[in-house]
Amino acid sequence: MKNIIKLLFIVVFGISTSLKAQYENRISTSTLDFSIEYFKPITFGSNAIHKAHDSNIGMGFETHCRVYKAFRFGFGFNFASYTVTNRKLIGNYNNTNYNCIFLALNYNIPLSNKFGIVPELSIGKSRFKGKNGSKNYGVQGGSEYCIGIKTIYNLSGGVGVFHNLNYVYNNLDMKANPGIINFYNQSHAINFGFGIIFF
Amino acid sequence: MKKIIISALTALVLISCGIEYNGEERLRVLLKIQDNDLNALEGIEVQIDNLVDSYNETISIGHTKSDGTLDVVFPATESDSARYNIEFKDPNNLFASYRISNIKKTDFNNYQLILDPQTLYRYSDLVNLQITRNQINSHRYLGSTNIIGMKYLSDIDFQNGTELPNYSTNTFFKVFKNQTIILEYAIQDRSTQPYTIESFSVPIEINEEDVTYTIDL
């Protein structure tokens, strides 16, 4: 009888450990994830986005699927609004609205049963649109390059929260006087983000 | 439902109207503003409007720095037929405002326009010359008027440096104090066929006060 109880205990413990391991490693093993993020761009450098705007909270969506071991490939969409603070440098309108659609490749590294870190590279097409209410003041397009790292905390049942830290560089299309063109054809930002991830 | 559709269509039409801009093309204007003693003027408001067809919008506003300079950048219009006006206004109302009109996109060299130093004159240096009509005969009309003397130009055509006409050009002039100006005018008599036109030239003494000159018709 004792042996049967021991055997049962071992079986139950083994199954539960196995399930727990699967659950805890879900950060790195799930085939698909989807995340929603709020982020704050901290702009810097000698460029119009930094010198003539204040950044507001932005929002992003991102989804990936596992393609090889812990590598994931996906795409996403970010948008944010910048308030114009220096109209002499920009023009007579209130806001510059930013959006970007991008492709991303990341690698999931579980650090413990609950934590994981995810370095990520992405490249996308960005647009900066001048706005005053419903009135448009032109669209400036470009390419966006981003490198960042996510820290994920696995809550339960395939839901986690994360903190995101990204360096974002935009190379923008622009025709202007050569003396000022570098001020208008690029932007640099560190994006601090928080979000929720489903995997 | 009908009202909603009409409102939506109206909003759509309003949104689609107006001047279109190219966000990937920026124009730059560099200028300096001074008084007639060549002192730099700080805080002068500079407003740049663009005109495309019947639309007119202010695309840039700035104020001069302590050295009188201003450097502004703004998005270009999509249309190459756009005209730009630059208006200079003193928020303290010590200096008379004026405007440079009819600047074309082709006047920008490599997306940049550098204006010659602009001189603002104090209101205290100027007086108004008002021409009024004393209608004695109903068939006589005031034709063209012109003054020869130091006239303050309030709206200058960038293309040729002349004053652009406006509704009061014929009968209202801002002129500098302490001078004698010559007023030239023509009177048209429509009682005969063809009409007859008489030309006149009269000197008017301008001192420290506004002047009203009456023409008998």
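Keep in mind that this is a model prediction, so the values were computed, not measured.

1. Describing the overall build of chain B
Looking only at helices and strands, chain B has one helix and 15 strands in total. Burial status across chain B gives 39% buried among its 217 residues. Across chain B, contacts joining residues at least 24 apart in sequence account for 70% of those joining residues at least 6 apart. With the model as given, the accessible surface of chain B reaches about 11,800 Å², and the carbon-plus-sulfur share is 50%.

2. Topic: the environment of A:L111
All names here are of chain A. Position of L111 among the secondary structure elements: in the loop between strand 6 (109–110) and strand 7 (115–132). We classify L111 as exposed; its relative accessible area is 57%. Separated by 32 residues in the primary sequence, L111 and S143 have C-alpha atoms spaced 33 Å apart. Non-local contacts of L111, meaning those with residues more than four positions away in its chain, are made with G116 and I117.

3. Looking at the sheet that holds strand 14 (residues 196–206) of chain B
All names here are of chain B. With respect to topology, three strands assemble into an open sheet ordered 10-13-14, the strand pairing being antiparallel. Each end of this open sheet is capped by a strand with a single partner; those strands are strand 10 (140–148) and strand 14. Adjacent strand axes in the sheet meet at a mean angle of 20 degrees, parallel and antiparallel pairs treated alike. As paired elements, strand 10 and strand 13 (residues 179–189) share seven bridges and run antiparallel to each other.

Thresholds, definitions, all that
- Residues numbered from 1 in each chain as written.
- Chains lettered and ligands numbered in written order.
- Predicted model: local features only at pLDDT ≥ 70, side-chain atom pairs only at ≥ 80, totals over all residues.
- Heavy atoms only, no water.
- Helix = DSSP H or I, 4+ residues; strand = E, 2+ residues; numbered from the N terminus.
- Buried < 20%, exposed > 50% of the residue type's maximum accessible area, 1.4 Å probe, protein only.
- Contact = heavy atoms within 4.5 Å.
- Areas by Shrake-Rupley, 256 points an atom, 1.4 Å probe, with all protein chains shown as cover.
- Pairing = 2+ DSSP bridges.
- Axes fitted to C-alpha atoms, helices over the stretch in contact; angles between N-to-C directions.

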